[in-house]
Amino acid sequence: MKTRQLVGNDPAFIKLVTEHCIAVAANDVDYSHAPDDQKTKREFQWLAEAMKGANGIHQGIYLVTPSGQFLQRIDGGWPLYDPKISVKKLREGLEQYQTLDRSERLQCPPFATADRMEFEWHNFAPPADSLDLTVINRSFPYEGADKFDIRHPSYFKTDRLILTREDQLALLPENLVVDAAIEVNKNLRDRFLLHNHLAMGHDAWWSEHVKNSEMTATVTAVNNGVATVQYSATWKAKADSKWSTASYAGNMLGKAQVNISSRTFSTLELVALGEHDVGEMRSNMHRNATTTPVGMVAGITPPQLENQPLPSNWAHGYPKSWRK
Amino acid sequence: MHSYTITLVIALCFAPTLVVAAPDSLTWQNYETVKSHVAPKKEDFAFKKVDWHMDLPNAIHEATEADKPLLLWLYFGNPQGNC
């Protein structure tokens with residue numbers, strides 16, 4: 001998150017990358033923790049060799065040649081990544097690239113299918129009738145806020161929440177007439193908490209940690225075949241496992257426009273506010289305050305996306321059948 | 001900026017940053033204020049101006065054809081999101 005906002009959003013960095021590089025965004029753990037049979041693939045071998053200059057496949061921003069030669073580590077200034085350092089190192093790396101013979105920097109046979117690694121997420125494909133929501137979290141100002149801390153209000157978290165057709169229908173009263181209401185089922189309403197859509201970070205929530213939750217959907221208006229639906233929800237949760245002692249208390253309001261005949265959403269907007277206690281502070285993420293006020297905004301993701309990151313809970317929070 | 005980014009920011013209500021203290025609870029009266037604080041600002045997605053490849057072999061091929069180095073942004077999860 002910090003490299004994305006502090007370096008990735010820097011105009012000078014963006015200009016250099018778009019003009020002079022081919023950019024790759026990847027999960028280092030996908031490679032470093034790949035099964036042994038995947039590590040025999042040439043894709044892994046290429047990356048492992050290229051990253052020898054960084055002492056292995058680790059988090060960071062790096063410049064390498066297509067031939068797999070390490071040039072530079074680009075990010076710098078930890079714990080507050082400094083875009084000026086990144087721009088300077090990127091310029092140095094680009095100059096270094098130009099000093100190499102073309103054959104030395106480009107020598108790399110094309111990758112055959114057998115050379116490519118297979119990742120489960122490659123085949124993650126939600127059904128065509130699912131509704132994709134983009135979820136943003138950001139803390140409100142709090143005493144002791146420190147820019148080292150991932151919860152600082154200048155940072156935000158982005159994720160996706162995918163609603164199946166069944167989920168969408170579960171958000172609607174049976175009859176879309178004014179004052180019709182429904183209690184949204186526990187599985188669906190608790191997903192907001194269990195999938196960490198209500199707060200910064202990623203806590204290890206279990207369903208039994210949810211001490212109380214409610215969510216209602218009420219039709220407030222009907223006009224020209226469109227129903228306006230309002231949402232109201234609350235959660236109170238306390239984790240008590242060895243992996244998490246976090247807690248959360250908050251509420252959500254939202255509104256949607258729904259086509260009455262097709263029961264499809266043309267708009268859906270959800271806003272939440274709560275208090276999140278991390279329980280145990282982690283020295284690589286947190287400073288000073290255990291409890292922070294945090295908000296959420298969720299809205300329908302524009303269709304026809306390219307290079308959209310998967311939901312953070314794609315592996316365990318969604319049907320296995322979605323991974324063909 | 002990628003057209004998706006513009007659409008997403010508009011969809012989530014682009015607003016200038018207002019430094020506000022959190023209300024005690026969310027109500028319909030403070031709904032827009034809370035939303036404005038949390039929603040991303042236009043500059044929050046500037047990184048999407050870069051064409052981030054998620055397929056390494058394809059990116060290597062493209063870099064070879066273009067005679068350009070590869071910028072590898074490696075992070076737990078996906079650096080573009082979910083963190």
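In short, a report on the structure. Note that the structure is a prediction, hence the values are computed from the model and not measured. (Residues numbered from 1 in each chain as written. Chains lettered and ligands numbered in written order. Predicted model: local features only at pLDDT ≥ 70, side-chain atom pairs only at ≥ 80, totals over all residues. Heavy atoms only, no water.)

**Some remarks on the pairing of strand E11 (residues 291-300) of chain A**
Working note: regular strand, side chains alternate between the two faces of the sheet.
Residue and element names in this part refer to chain A.
Then comes step 1: The buried count for E11 comes to 8 of 10 residues, which makes it a mostly enclosed element.
Then comes step 2: By the bridge criterion, 7 bridges tie strand E4 (residues 131-139) to E11 in an arrangement that is antiparallel. For Ser139, the partnering residue across the bridge sits in E11 and is Val294.
Then comes step 3: In this sheet, E11 lies alongside strand E10 (residues 264-277) in antiparallel orientation, the contact comprising 9 bridges. The partner of Asp277 across the bridge, within E11, is Thr291. (Buried < 20%, exposed > 50% of the residue type's maximum accessible area, 1.4 Å probe, protein only. Helix = DSSP H or I, 4+ residues; strand = E, 2+ residues; numbered from the N terminus. Pairing = 2+ DSSP bridges.)

**Some remarks on the packing of helix H2 (residues 11-20) of chain A against helix H6 (residues 83-99) of chain A**
Residues and elements named next belong to chain A.
Then comes step 1: Look at H2 against H6: their axes get within 9 Å of each other, and the N-to-C directions meet at 20°. In terms of orientation, H2 lies roughly parallel with respect to H6. The element H2 and its partner H6 pack so that their crossing is left-handed. Side by side, H2 and H6 meet where Ala12, Phe13, Leu16, Val17 and His20 of the first sit next to Ser86, Val87, Leu90, Arg91 and Leu94 of the second.
Then comes step 2: Here the contact of H2 with H6 is composed, by residue class, of 7 nonpolar, 2 polar and 1 charged. (Axes fitted to C-alpha atoms, helices over the stretch in contact; angles between N-to-C directions. Parallel < 35°, antiparallel > 145°, perpendicular 65-115°, else oblique. Left-handed = near helix turned anticlockwise from the far one by under 90°. Contact = heavy atoms within 4.5 Å. Nonpolar A, V, L, I, M, F, W, Y, C, P; charged D, E, K, R; others polar.)

**A closer look at the sheet that holds strand E3 (residues 70-73) of chain A**
Then comes step 1: Here we have 5 strands laid out as an open sheet, ordered E3(A)-E2(A)-E2(B)-E1(A)-E1(B), and mixed in their pairing. This sheet does not close on itself; its edge strands, each paired only once, are E3 of chain A together with strand E1 (52-53) of chain B.
Then comes step 2: Lying on the sheet, helix H3 (residues 56-66) of chain B is in contact with strand E1 (22-26) of chain A together with E1 and strand E2 (70-74) of chain B; it crosses E1(A) at an angle near 170°.

**Describing the sheet that holds strand E6 (residues 181-183) of chain A**
Then comes step 1: As summarised here, the arrangement of the 8 strands in space is E5-E4-E11-E10-E9-E8-E7-E6 (chain A), forming an open sheet in which the pairing is antiparallel. Single-partner strands in this sheet number two, and they are strand E5 (157-163) and E6 of chain A. Strand-to-strand twist of the sheet, defined as the mean angle between neighbouring strand axes without regard to direction, takes the value 15°.
Then comes step 2: Sheet strands touched by helix H2 (residues 31-38) of chain B: E4, strand E9 (247-259), E10 and E11 of chain A. Its angle to E10(A), the strand with the most contacts, is close to 85°.

**Remarks on the interface of chain A and chain B**
How big an interface is tends to be reported as the loss of accessible area on association of its parts.
Then comes step 1: Tallying the contact residues gives 89 residues for chain A and 62 residues for chain B.
Then comes step 2: For the chain A and chain B pair, buried surface summed over both sides reaches about 6,800 Å², with 65% attributable to carbon and sulfur atoms.
Then comes step 3: Contact with chain B buries surface across chain A, with Ile22(A), Val24(A) and Phe140(A) losing the most and accounting together for 11% of the total.
Then comes step 4: Taking the shortest distance from any N to any O, the salt bridge between Asp44(B) and Arg138(A) comes out at 3.1 Å.
Then comes step 5: Examining the composition of the side of chain A that touches chain B, we find that 7 residues originate from one element, E11(A), more than from any other. (Buried area = accessible area lost by both parts, 1.4 Å probe. Salt bridge = Lys/Arg side-chain N within 4 Å of Asp/Glu carboxyl O.)

**A few points about the packing of helix H5 (residues 42-50) of chain A against H3(B)**
Then comes step 1: The interhelical angle for the contact between H5(A) and H3(B), taken along N-to-C directions, is 65°, at an axis separation of 10 Å. In terms of orientation, H5(A) lies roughly perpendicular with respect to H3(B). Read as a crossing pair, H5(A) and H3(B) show a hand that is left-handed. Residue-level inspection shows Glu43(A), Trp46(A) and Leu47(A) of H5(A) in contact with H3(B), the latter providing Leu56(B), Pro57(B) and Ile60(B).
Then comes step 2: Residue composition of the contact of H5(A) with H3(B), by class: 5 nonpolar, no polar and 1 charged.

Read these as geometric descriptors, not functional statements.
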